[in-house]
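Coordinates in review
Read off the chains here:
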Amino acid sequence: MAAEVQPLPLLRGAPGPAPLTADQAYWKTFKNQLLLPSPHDSGVTSISIPDHNPVGAQADTFAVTSGGRVQIYSAKTRKLVKNISRFGVDDTARSGVLRRDGRILLAGGDSGIVQAFDTGSRAILRQWRGEHAHKQAVHVVRWNPIILTDLMSASDDRTVRVWDLTDDVAKWTGIGHEDYVRSACYLPGQDGMIATGSYDQTVRLWDTRQPGNDRPAMSFKHAAPIEDLIPLTNFVLASAAGNEVTILDLIAGKAQHIIRSHQKTVTSLSTGQDTSRLLTGGLDGHVKVHNTTSWEVVAGFKYPSPILSLAVVSTGQQVIDREDRHLAVGLQTGLLSIRTRIAGAEKVKAREKTKRMDALIAGEGDAYERAQRKKDTRQGIRARDRGKDFRGEGADIIITGNERTRTKPLRPWQRSLRSGKYALALDEVLAGDPYSNEDMLTLVTALRHRSALRTAVSNRSPENLVPLLKWILKYINHARHVSLIYDVVLLLLDAYGEKMEEWLANEDDTGKEVLFLVKRLARRVRKGAYYASQAQGTLGMIGLMEVG
């Protein structure tokens, strides 16, 4: 028995851009960008968010340091709340950071003075200066995430100090760095443990619980000065050195992974999506989002100038309710960029799914389902769902065999193509109202494979040439169709070049329409060739810039 002849499969165009991944879709929701210029065009050197407050009200603000002032913005409205500029005339503010209750702001400066401000009245509560304080610029200050009155500072005088808000003298001083100390952080879940990064290319861990212990407990050597430092977990740190970000495992005492995704120095680090993503910003103007499992780049943003600071601002009073709300980026030009995440129906679905999973884990799944059913009082939904779980009184037995599927009937142009009537098949496709471009591409490709394209376009009247020329004119600029249409145009010029002179001399309107379409086609080809030449020249310039 002969096999049945199947219809000619439709020719599908090349696939478009790949669909967005889950991470790309998530970070693409950070839209509604707000650009805030600095009053004095100084670079935005620090953006800090308060630590989570487990025992009291959570601060819903974040601090931005630029030039000689620290500005406090609302995380809800993105508006300026306070402007603190009580620094010296020649002083530059550094590392403004809010306490977790939002009542006190801490800031360092190039003068070496560490200051604490009341955010309500902007009054100076305390200054650490003099012989018992730092002797050079203080670039880093941090609040203790556990003890409300403890803080630390790191200075260019190569020392690290821990202070009590009520005392003028440091309660602990760390000595060991050989160059400027420009980054520091407390280790979460480990009271009294801090980590510092210095321009001597080392990251050092300190135990501040013993007053006489002023030497580091652990040290990690890097290949470049340390620009920023951030904890990912209780025992994992991320450090930025040069254009690399090193993941340090404190238990193993060695580097776990090195991220090399930037072309220039990485200046700032932050975390997002409940510390499951690491964000890096560099002097190349890129913010890149990394998965903390595979350390691959899963999303990114491009900014017009070098990035000096970066922070993901979260909102919510409880830890379980906190979610990423803003992406704040400080640029060298003095611009502060704030992108806000837009919430929608998908956010509601994800929240309901999380609540359902939490109820199942806690063994309260039935109670949760009953509560959900009480909310649904619409009779239409119940009627629609009624009986959908009914399986019948007995099980059906389905015997599968070699059933022959019904063959889809051939379309007119497919029958003509199978019968060798190539010109008629071309006319039948073009006679569609509207005609299908997929059918046209499939037919022309099949004709070219059968070497029957010349037969299909030859011996045509001007009336039959007009639809074909209109199709060519419509798709000649589509890159996916250029090769195919190029062959058709060459055959038409070869077959009708002499007849065009006769149509030009005659008074036939149809012949003149053919000539008009040919002229339009020539102009479009010249314009496309010009654009292609310009694009090639642009690619050459970009290549030279990349090399340089």
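On a predicted model such as this, the values are computed, not experimentally measured, just so you know. Per chain, the residues get numbers from 1 upward, laid out in the order the sequence is written. Where totals are concerned, whole chains, interfaces and linings use all residues; where local detail is concerned, this predicted model gives features only for residues with pLDDT of at least 70, and gives and counts side-chain atom pairs only at 80 or more. To obtain the side-chain values, all non-hydrogen atoms of the structure were included, while hydrogens and water were left out.

With respect to the packing of aromatic side chains
Pairing of aromatic rings covers Phe, Tyr and Trp, the last through its six-membered ring, and needs centres within 6.5 Å; plane angles under 30 degrees mean stacked, over 60 mean edge-to-face, and all others mean tilted. Scanning the entire structure with this criterion turns up ten aromatic pairs. On the basis of an interplanar angle of 85 degrees and a centroid distance of 5.3 Å, the ring pair of Tyr-26 and Trp-27 is categorised as edge-to-face. When sorted by exposure, Tyr-26 lands in the same class as Trp-27, which is buried. Ring centres of Trp-27 and Phe-30 lie 5.0 Å apart, and the angle between their planes is 20 degrees; this geometry places the pair in the stacked category. With respect to burial, Trp-27 and Phe-30 carry one shared label: buried. Among the aromatic residues, those joined into a cluster by ring pairs are Tyr-26, Trp-27 and Phe-30. Directly above the ring of Trp-143 sits Arg-99, whose terminal nitrogen or CZ lies 5.7 Å from the centroid. Any Lys NZ or Arg CZ found within 6 Å of a ring centre and within 35 degrees of that ring's normal is scored as a charge over the ring. Lying over the aromatic face of Tyr-199, Arg-182 brings its terminal NZ or CZ to 5.0 Å of the ring centre. With a 1.4 Å probe rolled over the protein chains alone, any residue whose accessible area is under 20% of its type maximum counts as buried; one over 50% counts as exposed, and the rest are partly exposed.

Quick notes on the UniProt feature "repeat: WD" (unreviewed entry) in the protein
UniProt positions are given in the numbering used here, feature names are shortened, and annotations may be inferred rather than shown by experiment. According to UniProt, the feature "repeat: WD" (unreviewed entry) maps to residues 131-165, 174-209 and 259-300 in the numbering used here. The helix count covers DSSP runs of H or I at least four residues long, the strand count covers runs of E at least two residues long, and both are numbered beginning at the N terminus. Regarding residues 174-209, the helix share stands at 0% and the strand share at 56%, and the terminal C-alpha atoms are separated by 12 Å. For residues 259-300, helix accounts for 0% and strand for 57%, while the C-alpha atoms at its two ends are 15 Å apart.

Concerning the sheet that holds strand β8 (residues 114-118)
Two strands are said to pair when DSSP picks up at least two bridges between them. With antiparallel pairing, four strands are arranged side by side in an open sheet as β6-β7-β8-β9. Two strands close off the open sheet at either side, each with one partner strand: β6 (93-98) and β9 (124-128). Direction aside, neighbouring strands of the sheet carry axes that sit 20 degrees apart on average. Note: β6 against strand β7 (residues 104-109), four bridges, orientation antiparallel. Within the sheet, the bridge partner assigned to Ala-93 lies in β7 and is Gly-109. Between N-to-C directions, angles cover 0 to 180 degrees, with each direction set by a line fitted to C-alpha atoms, over the stretch in contact for helices.

Regarding the pattern of salt bridges
Salt bridges are counted wherever a side-chain nitrogen of Lys or Arg sits within 4 Å of a carboxyl oxygen of Asp or Glu. Taken as a whole and judged by the stated rule, the model has 15 salt bridges. Asp-487 is the salt-bridge partner of Arg-448, the closest N and O atoms lying 2.7 Å from each other. Placement of the pair is Arg-448 in helix α7 (residues 437-449) and Asp-487 in helix α10 (residues 482-505), with a sequence separation of 39 residues.

Describing empty space enclosed by the protein
Here the term cavity refers to a set of points on a 1 Å grid, laid over the protein atoms alone, in which a 1.4 Å probe fits but cannot get out; the term pocket refers to an open set having protein on both sides within 12 Å along at least five of seven lines, with lining residues being those that place an atom within 4 Å of a point. Grid points are joined across faces, edges and corners, and a volume is the space filled by probe spheres set on the points. Scanning the model with the defined rule gives three cavities of 30 Å³ or more in all. Within this model, the largest cavity holds a volume of roughly 50 Å³. In terms of lining, the largest cavity is formed by Ile-49, Pro-50, Ala-59, Asp-60, Thr-61, Ala-75, Val-313, Ser-314 and Arg-322. Classifying every residue of the lining of the largest cavity by side-chain character gives five nonpolar, two polar and two charged. Volume-wise, the second largest cavity comes out at about 40 Å³. Lining the second largest cavity we find Leu-36, Pro-37, Ser-38, Val-44, Val-64, Ser-66, Gln-71, Tyr-73, Gly-334 and Leu-336. Three classes are used, and their members are as follows: Ala, Val, Leu, Ile, Met, Phe, Trp, Tyr, Cys and Pro are nonpolar, Asp, Glu, Lys and Arg are charged, and the others, Gly among them, are polar.

A closer look at the nonpolar core
One finds Leu-426, Met-440, Leu-443, Leu-468, Trp-471, Ile-472 and Leu-492 to be the most contacted residues of the largest nonpolar core, which totals 39 residues. Only α5 (412-418), α6 (422-430), α7, α8 (453-457), α9 (462-475), α10 and α11 (509-547) provide two or more residues apiece to this core. If you tally residues by element for this core, the top one is α10, at nine residues. Here, two residues are considered to be in contact whenever any of their heavy atoms come within 4.5 Å of each other. If we ignore the near neighbours within four places in the chain, the residues touching Leu-468 are Leu-426, Leu-430, Met-440, Val-457 and Leu-492. By nonpolar core is meant a set of buried Ala, Val, Leu, Ile, Met, Phe, Trp, Tyr and Cys residues that side-chain atoms within 4.5 Å join together. Judged by nonpolar contacts, the second largest core, of 16 residues, contains Tyr-26, Val-289, Leu-327 and Leu-331.

Quick look at α9
Helix span, as expected, comes to 1.5 Å for every residue beyond the first. Helix length check: α9 (14 residues) gives 20 Å between terminal C-alpha atoms against 20 Å at 1.5 Å per residue, within 8%. Looking only at α9, the buried set comprises Pro-462, Leu-465, Val-466, Leu-468, Leu-469, Trp-471, Ile-472, Leu-473 and Tyr-475. The secondary structure elements touched by the buried residues of α9 are α6, α7, α8, α10 and α11.

Observations regarding the confidence of the model for the protein
Each residue carries a pLDDT score, the predictor's confidence in it, ranging from 0 to 100. The predicted model of the protein has a mean per-residue pLDDT of 86, with 91% of residues at 70 or higher. Least confident of the elements in the protein is helix α4 (residues 379-385), whose mean pLDDT is 60; most confident is strand β24 (residues 286-291), at 96.

Re the layout of surface pockets
Space inside the second largest pocket adds up to approximately 450 Å³. Lining the second largest pocket are 23 residues, with Ile-476, Tyr-486, Val-489, Leu-521 and Val-525 positioned closest to its centre. If you list the elements that add at least two residues to the lining of the second largest pocket, you get α9, α10 and α11. Take the lining of the second largest pocket: its biggest share by element is ten residues, from α10. Per-class residue counts for the lining of the second largest pocket are 20 nonpolar, two polar and one charged.

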